[in-house]
Amino acid sequence: MKIIVHAVGRMKAGPERELAARYFDRFAKSGAAIGLEFSGVTEIAESRGQTASERRREEGQRLQTQLQPGGALVLLDERGRTFSSEEFAGRLGLFRDGGRRALVIAIGGADGHDQSLRDQADLVVSLSAMTWPHQLVRVMLGEQLYRAATILAGHPYHRS
């Protein structure tokens, strides 16, 4: 199953970018052996719409171009459900084992995701009840994808 991370906003050079790249690279190397192929991060510029709803709608329309028929959509959203690392890994495994060919994990812009995306999402995940900077969300997502791959592979990186 191909996994694409879709992010609204561009990541600037710096330690956060390097750390996110390190975890995405680890995931790419470890995930392939268990059927999770990392296809990279797609960045789009934040919408310049006048209102929050206009920005969410425009950003959502651009995300739609990433979605493939039969693929799954996971939104990262503060109003989503929190999962343990094992539960998150299990969900990825279910998508993969259920025949999903692609999975898009979407990090929204400052205004969040459009309701139409929330309605069509297969899963809405919250990394925390706290608000995190966009750059750190990428780091945390990269680490959790790598951790999920190690959990699914039975690797000792994850100790619970």
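A quick note: this is a predicted structure, and the numbers were derived from the prediction, not measured. (Residues numbered from 1 in each chain as written. Predicted model: local features only at pLDDT ≥ 70, side-chain atom pairs only at ≥ 80, totals over all residues. Heavy atoms only, no water.)

A. A look at the overall build of the chain. When you go through the chain residue by residue, the secondary structure sums to five helices and five strands. Across the chain, helices and strands are ordered from the amino to the carboxyl terminus as β-α-β-α-β-α-β-α-β-α. By the compact-globule yardstick of 15 Å for 160 residues, the chain fits well, its C-alpha radius of gyration being 15 Å. When its C-alpha atoms are laid out on the principal axes, the chain stretches across 50 × 35 × 25 Å. Expressed as a percentage of its 160 residues, the buried residues of the chain come to 44%. In the chain, 82% of the contacts between residues at least 6 apart in sequence involve partners at least 24 apart. Of the roughly 8400 Å² of accessible surface on the chain, 48% is carried by carbon and sulfur atoms. Charge centroids of the chain, computed over 22 positive and 19 negative side chains, lie 3 Å from each other. (Helix = DSSP H or I, 4+ residues; strand = E, 2+ residues; numbered from the N terminus. Rg over C-alpha atoms; globule rule 2.2 N^0.38 Å. Buried < 20%, exposed > 50% of the residue type's maximum accessible area, 1.4 Å probe, protein only. Contact = heavy atoms within 4.5 Å. Areas by Shrake-Rupley, 256 points an atom, 1.4 Å probe, with all protein chains shown as cover. Lys, Arg positive; Asp, Glu negative; His and termini not counted. Charge placed at Lys NZ, Arg CZ, Asp CG, Glu CD.)

B. Spatial organisation of helix α5 (residues 134-153). The end-to-end C-alpha separation of α5 is 29 Å, in line with the 28 Å expected for 20 residues at 1.5 Å each. For α5, the buried fraction is high: 14 of the 20 residues fall into the buried class. Once α5 finishes, Gly-154 follows within two positions and takes phi at roughly 75°, a positive value. (Expected span 1.5 Å × (residues − 1).)

C. Region of the structure containing the nonpolar core. In this structure, Phe-27, Leu-103, Ile-105 and Leu-145 are the most contacted members of the largest nonpolar core, which totals 32 residues. Of all elements in the fold, only β1 (2-8), α1 (15-31), β3 (72-81), α3 (85-97), β4 (102-107), β5 (123-125) and α5 reach the threshold of two or more residues within this core. Ranked by the residues each element gives to this core, the list is headed by α5, at seven residues. Filtering out sequence-adjacent residues up to four positions away, Leu-145 remains in contact with Val-5, Phe-24, Phe-27, Phe-88, Leu-92 and Ile-105. Judged by nonpolar contacts, the second largest core, of nine residues, contains Leu-63, Leu-73, Val-104 and Ala-121. (Core = buried A, V, L, I, M, F, W, Y, C linked by side-chain atoms within 4.5 Å.)

D. Geometry of the UniProt feature "binding site: S-adenosyl-L-methionine" (unreviewed entry) in the chain. When the UniProt feature table is mapped onto this chain numbering, "binding site: S-adenosyl-L-methionine" (unreviewed entry) sits at Leu-76, Gly-108, Leu-127, Ser-128, Ala-129, Met-130, Thr-131 and Trp-132. By secondary structure assignment, the location of Gly-108 is in the loop between β4 and α4 (115-120). Those residues within four positions of Gly-108 in sequence are excluded, and the remaining contacts are Val-8, Leu-76, His-113 and His-134. Mapped onto the secondary structure, Trp-132 falls in the loop between β5 and α5. Relative accessible area serves as the criterion here: at 36%, Trp-132 is assigned to the partly exposed category. (UniProt positions renumbered as here; feature names shortened; annotations may be inferred.)

E. Spatial organisation of the pairing of β3. Taken together, the five bridges between β3 and β4 define a ladder with parallel strand orientation. Pairing of Val-74 across the sheet is with Ile-105, part of β4. With α3 bridging β3 and the parallel β4, this β-α-β connection has right-handed handedness. (Pairing = 2+ DSSP bridges. Right-handed = clockwise from strand over helix to strand, strands pointing away.)

F. Main features of helix α2 (residues 52-64). The terminal C-alpha atoms of α2, which comprises 13 residues, lie 18 Å apart, in line with the 18 Å expected from a rise of 1.5 Å per residue. Inspection of α2 places Glu-59, Gly-60 and Leu-63 among the buried residues, and these make up the whole buried set. Seen end-on, α2 carries its buried residues on one side only, within an arc spanning 105°. (Arc of directions from axis to C-beta.)

G. The packing of aromatic side chains, seen in detail. Under the defined criterion, the tally for this structure stands at two aromatic pairs. Ring centres of Phe-24 and Phe-38 lie 5.1 Å apart, and the angle between their planes is 10°; this geometry places the pair in the stacked category. Of the two residues, Phe-24 sits in helix α1 while Phe-38 sits in strand β2 (residues 37-44), which places them 14 residues apart along the sequence. The same class applies to Phe-24 and to Phe-38, which are both buried. Summarising the aromatic geometry, the rings of Phe-27 and Phe-38 are spaced 5.7 Å apart at their centres and angled 65° between planes, so their arrangement reads as edge-to-face. Taken as a pair, Phe-27 in helix α1 and Phe-38 in strand β2 lie far apart in primary sequence, 11 residues in all. An aromatic cluster is built from Phe-24, Phe-27 and Phe-38, whose rings are joined through pairwise contacts. (Phe/Tyr/Trp six-rings, centres within 6.5 Å; stacked < 30°, edge-to-face > 60°.)

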